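Observations on the three-dimensional arrangement
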Amino acid sequence: MPEPRRQPLTALAHQRLATVLAPGDIAIDATAGNGHDTLFLARQIAPGGRVHAFDIQPQALEATHERLAQAGLAERVTLHLAGHEKMREHLPADLAGRVAAVTFNLGYLPGGDHGLVTRPDTTLAALVQASALLRPGGLLSVLVYRGHAGGREEAEAVANWFAGQTGLDTEVHDSPGPIAYLARIFHRPHNA
Ligand SMILES: C[S@@+](CC[C@H](N)C(=O)[O-])C[C@H]1O[C@@H](n2cnc3c(N)ncnc32)[C@H](O)[C@@H]1O
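Structure report, in brief. (Residues numbered from 1 in each chain as written. Predicted model: local features only at pLDDT ≥ 70, side-chain atom pairs only at ≥ 80, totals over all residues.)

Around the ligand, a shell composed of 21 residues is seen, among which Thr31, Gly33, His36, Gly83 and Leu109 lie nearest. Those elements that provide at least two residues to the shell around the ligand are helix H2 (36-45) and strand S2 (50-55). When the residues that make up the shell around the ligand are grouped by side-chain class, the tally is six nonpolar, 12 polar and three charged. (Near = placed C-beta within 6 Å. Helix = DSSP H or I, 4+ residues; strand = E, 2+ residues; numbered from the N terminus. Nonpolar A, V, L, I, M, F, W, Y, C, P; charged D, E, K, R; others polar.)

Shown next, in the form of structure tokens:
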């Protein structure tokens, strides 16, 4: 089955990410899925940088690995078969405050099981950890969807989380598909 057309807000997120990422940087893809965002991040940080990509589905990491291998960038990326809510325990401790960008493209795996979706509690736990990993000036990119079961609740939880953050400078873009939050970190929370 062909994948749905990529949303324009995905392109906007990539534009913003390109302004903060440079060769040698460290980036995190919190939802690897079919690997489009992981590949984009790998292209920005190569040569010399590293992308850490998380997903709970082996088939997502296999698709991501295949995409990276075809582009000759597999060695730039560490794939983690784990929920993003556990990212802190899977990453080297010295990454705190050093990561240039973290991306979340929430929801389900296109072409996969639509019941295996991101969920508000684990998404919020991961957002807290992501903001502690980012360096000042780093970018947190979150695309959240409302069309699937549980999507509205997750979108509301994400909106409330961003509304409560004081250390972020956040652009919000709505669309008939996703809502995009593109947030620059200007003050890292001490207790995150
Ligand atoms: C919309 S897809 C991601 C699309 C991907 N960024 C791309 O470029 O193809 C969402 C992904 O989140 C994954 N996911 C669901 N819960 C997760 C969790 N707790 N931690 C990490 N990934 C999760 C799903 O398995 C799915 O592959």
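Having seen the model, we can carry on.
Before going further, it helps to examine the nonpolar core. In terms of nonpolar packing, the biggest core is built from 47 residues, with Ala27, Val99, Val102 and Ala130 touching the most fellow members. Top contributing element to this core by residue count: strand S5 (residues 134-144), with six residues. Not counting chain neighbours up to four residues away, the residues in contact with Ala27 comprise Leu21, Leu41, Ile45, Val51, Val99, Ala100 and Ala101. (Core = buried A, V, L, I, M, F, W, Y, C linked by C-beta atoms within 7 Å. Buried ≥ 20, exposed ≤ 12 C-beta atoms within 10 Å, placed from the backbone. Contact = placed C-beta atoms within 7 Å.)

Another aspect to go through is helix H5 (residues 120-133). In this model, H5 (14 residues) spans 20 Å end to end at C-alpha, consistent with the 20 Å of a helix rising 1.5 Å per residue. Those residues of H5 that fall on the buried side of the exposure criterion are Thr123, Ala126, Leu127, Gln129, Ala130, Ser131 and Leu133. (Expected span 1.5 Å × (residues − 1).)

Quick look at the pairing of strand S3 (residues 77-81) now. The pairing of S2 with S3 spans five bridges and is parallel. The residue of S3 that forms the bridge with Asp55 is Leu81. Where the polypeptide runs from S2 across helix H3 (residues 58-70) and back to S3, its parallel neighbour, the crossover connection is right-handed. (Pairing = 2+ DSSP bridges. Right-handed = clockwise from strand over helix to strand, strands pointing away.)

With that settled, the discussion passes to H2. What H2 keeps buried is the set Asp37, Thr38, Leu39, Leu41, Ala42 and Ile45. Buried-residue contacts for H2 involve strand S1 (26-29), S2, H3, S3 and strand S4 (99-105).

Bringing the environment of Thr19 into the picture now. Within the secondary structure layout, Thr19 lies in helix H1 (residues 8-20). What makes Thr19 exposed here is the crowd of 10 C-beta atoms within 10 Å. Placed 120 residues apart in sequence, Thr19 and Leu139 show a C-alpha to C-alpha distance of 9.4 Å.

Now for the sheet that holds S5. Here we have seven strands laid out as an open sheet, ordered S3-S2-S1-S4-S5-S7-S6, and mixed in their pairing. Edge positions in the open sheet fall to S3 and strand S6 (168-173), since each of these has one partner strand only. Taking each pair of neighbouring strands and ignoring which way they run, the sheet shows an average axis angle of 15°. Note that S4 and S5 share six bridges and pair parallel. Each residue of the ladder has a partner; that of Asn105, found in S5, is Leu143. Packing of H1 onto the sheet brings it into contact with S4, S5, S6 and strand S7 (179-185), and relative to S5 it is tilted by some 175°. Contacting S1, S2, S3 and S4, H2 runs over the sheet at an angle of about 170° to S2. (Axes fitted to C-alpha atoms, helices over the stretch in contact; angles between N-to-C directions.)

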